[in-house]
Amino acid sequence: PAVLAGTPYADLLDPSRFAIHDRKLGEPLELRRIKYVFNHFPSRAFKRDCLAGIFGRYGLPSESAAVSKWLMGPRELIRLQMAGMEVASHSHTHPLMSVCGLDEVAEEAETSKRKLEAVLGREVETFAWPFGGDFRYETRRVVADFYRSAWNFRSGWKEMPPHPYLDWFDIARLPEAVFNP
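If you're wondering where the values come from, they're calculated on a predicted model, not measured in any experiment. (Residues numbered from 1 in each chain as written. Predicted model: local features only at pLDDT ≥ 70, side-chain atom pairs only at ≥ 80, totals over all residues. Heavy atoms only, no water.)

Caption draft 1: Up close: the overall build of the protein chain. Helix and strand counts for the protein chain stand at seven helices and three strands. From first element to last, N terminus to C terminus, the protein chain shows the α and β order α-α-α-α-α-β-α-β-β-α. Against the compact-globule benchmark of 16 Å for 181 residues, the protein chain has a radius of gyration of 18 Å, which places it among compact chains. For the protein chain, buried positions account for 34% of its 181 residues. Once local pairs closer than 6 in sequence are excluded, the contacts in the protein chain between residues at least 24 apart make up 46%. Just so you have it, the protein chain exposes about 11,600 Å², and 57% of that area is on carbon and sulfur atoms. (Helix = DSSP H or I, 4+ residues; strand = E, 2+ residues; numbered from the N terminus. Rg over C-alpha atoms; globule rule 2.2 N^0.38 Å. Buried < 20%, exposed > 50% of the residue type's maximum accessible area, 1.4 Å probe, protein only. Contact = heavy atoms within 4.5 Å. Areas by Shrake-Rupley, 256 points an atom, 1.4 Å probe, with all protein chains shown as cover.)

In structure tokens:
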């Protein structure tokens, strides 16, 4: 909340002004509102500035160093692929694609696909929407220019929808909590 103080985004942290009762259900309750507001409202440039300030304030390594330490790298991705897992693309910079322009969606999809294919040494056919949600037809069509299908995630789902494969660019994915409460 201190990072958003003095910005219009801070108003969204007030539960009486903005309800998110059905959002980010897999997140710890104390982080749910902050994560939802931070992930879904500010521009990516503003978020990068905020993260740089947070890393600096707490004497943490750079964001890229933290990513390298805590997230999977090329070796782990190759091992997953060799074990029979499909590795899907998930965008290049993880934006909220439901509010991205079509050129930005294309750039995210193409860059992520190209970089992941360079690591894996094979074609990446599937996309996984960052943050999940509802996407305009035009947004789904742009992703279809690069991939054969796309998985989607909505944290409030408790069971599969009646026709999960009706749209190959909106394939339902259930929250982990459904299987591992």
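Caption draft 2: Here's a closer look at the packing of helix H5 (residues 102-120) against helix H6 (residues 137-144). The contact between H5 and H6 brings their axes to 9 Å, and the two run at 30°. If you check the angle between H5 and H6, you find them roughly parallel. The handedness of the crossing between H5 and H6 is right-handed. Residues Leu102, Val105 and Ala106 of H5 touch H6, and the partners they reach there are Glu138, Thr139, Val142 and Val143. Across the contact of H5 with H6, the residue classes break down as five nonpolar, one polar and one charged. (Axes fitted to C-alpha atoms, helices over the stretch in contact; angles between N-to-C directions. Parallel < 35°, antiparallel > 145°, perpendicular 65-115°, else oblique. Left-handed = near helix turned anticlockwise from the far one by under 90°. Nonpolar A, V, L, I, M, F, W, Y, C, P; charged D, E, K, R; others polar.)

Caption draft 3: The pairing of strand E2 (residues 149-153), seen in detail. Where strand E1 (residues 126-128) lies against E2, three bridges are found, and the strand directions are parallel. Bridge pairing links Thr126 to Ser149 in E2. Taking the sense of rotation as the criterion, the β-α-β connection linking E1, H6 and E2 turns out right-handed. The pairing of E2 with strand E3 (residues 171-173) spans three bridges and is parallel. Across the sheet, residue Trp151 finds its bridge partner in E3, namely Ile171. (Pairing = 2+ DSSP bridges. Right-handed = clockwise from strand over helix to strand, strands pointing away.)

Caption draft 4: Looking closely at the packing of aromatic side chains. In this structure the tally under the stated criterion is six aromatic pairs. Judged by centre distance (5.5 Å) and plane angle (50°), the ring pair of Tyr9 and Phe46 falls under tilted. Taken together, the residues span a long stretch of sequence, with Tyr9 in the segment before helix H1 (29-40) and Phe46 in helix H2 (residues 44-57) at a distance of 37 residues. For Tyr9, a relative accessible area of 23% gives the class partly exposed. Here Tyr36 and Phe41 contribute two aromatic rings whose centre-to-centre distance is 6.2 Å and whose plane-to-plane angle is 70°, an arrangement assigned as edge-to-face. For Tyr36, a relative accessible area of 10% gives the class buried. (Phe/Tyr/Trp six-rings, centres within 6.5 Å; stacked < 30°, edge-to-face > 60°.)

Caption draft 5: Broad picture of the sheet that holds E1. One open sheet accounts for three strands, arranged E1-E2-E3; its pairing is parallel. Lying at the two open borders of the sheet, with one neighbouring strand each, are E1 and E3. Neighbouring strand axes in the sheet, compared pairwise and without regard to direction, differ in orientation by 30° on average.

Caption draft 6: Geometry of unusual backbone geometry. In this structure, His94 is a non-glycine residue whose phi angle is positive, near 60°. Taking the relative accessible area as the measure of exposure, His94 reaches 33% and is therefore partly exposed. Unusually for a residue other than glycine, Phe131 sits at a positive phi of about 70°. The topology assignment puts Phe131 in the loop between E1 and H6.

Caption draft 7: Layout of the pattern of salt bridges. Taken as a whole, this structure holds seven salt bridges when the rule is applied. One salt bridge in this structure joins Asp167 and Arg140, with 2.8 Å as the shortest N-O distance. Here the residue Asp167 occupies a position in the loop between E2 and E3, and Arg140 occupies one in helix H6, the gap between them amounting to 27 residues. Note on Arg140: relative accessible area 17%, which makes it buried. In the salt-bridge network here, residues are joined through shared partners; they are Arg44, Glu104 and Glu108. (Salt bridge = Lys/Arg side-chain N within 4 Å of Asp/Glu carboxyl O.)

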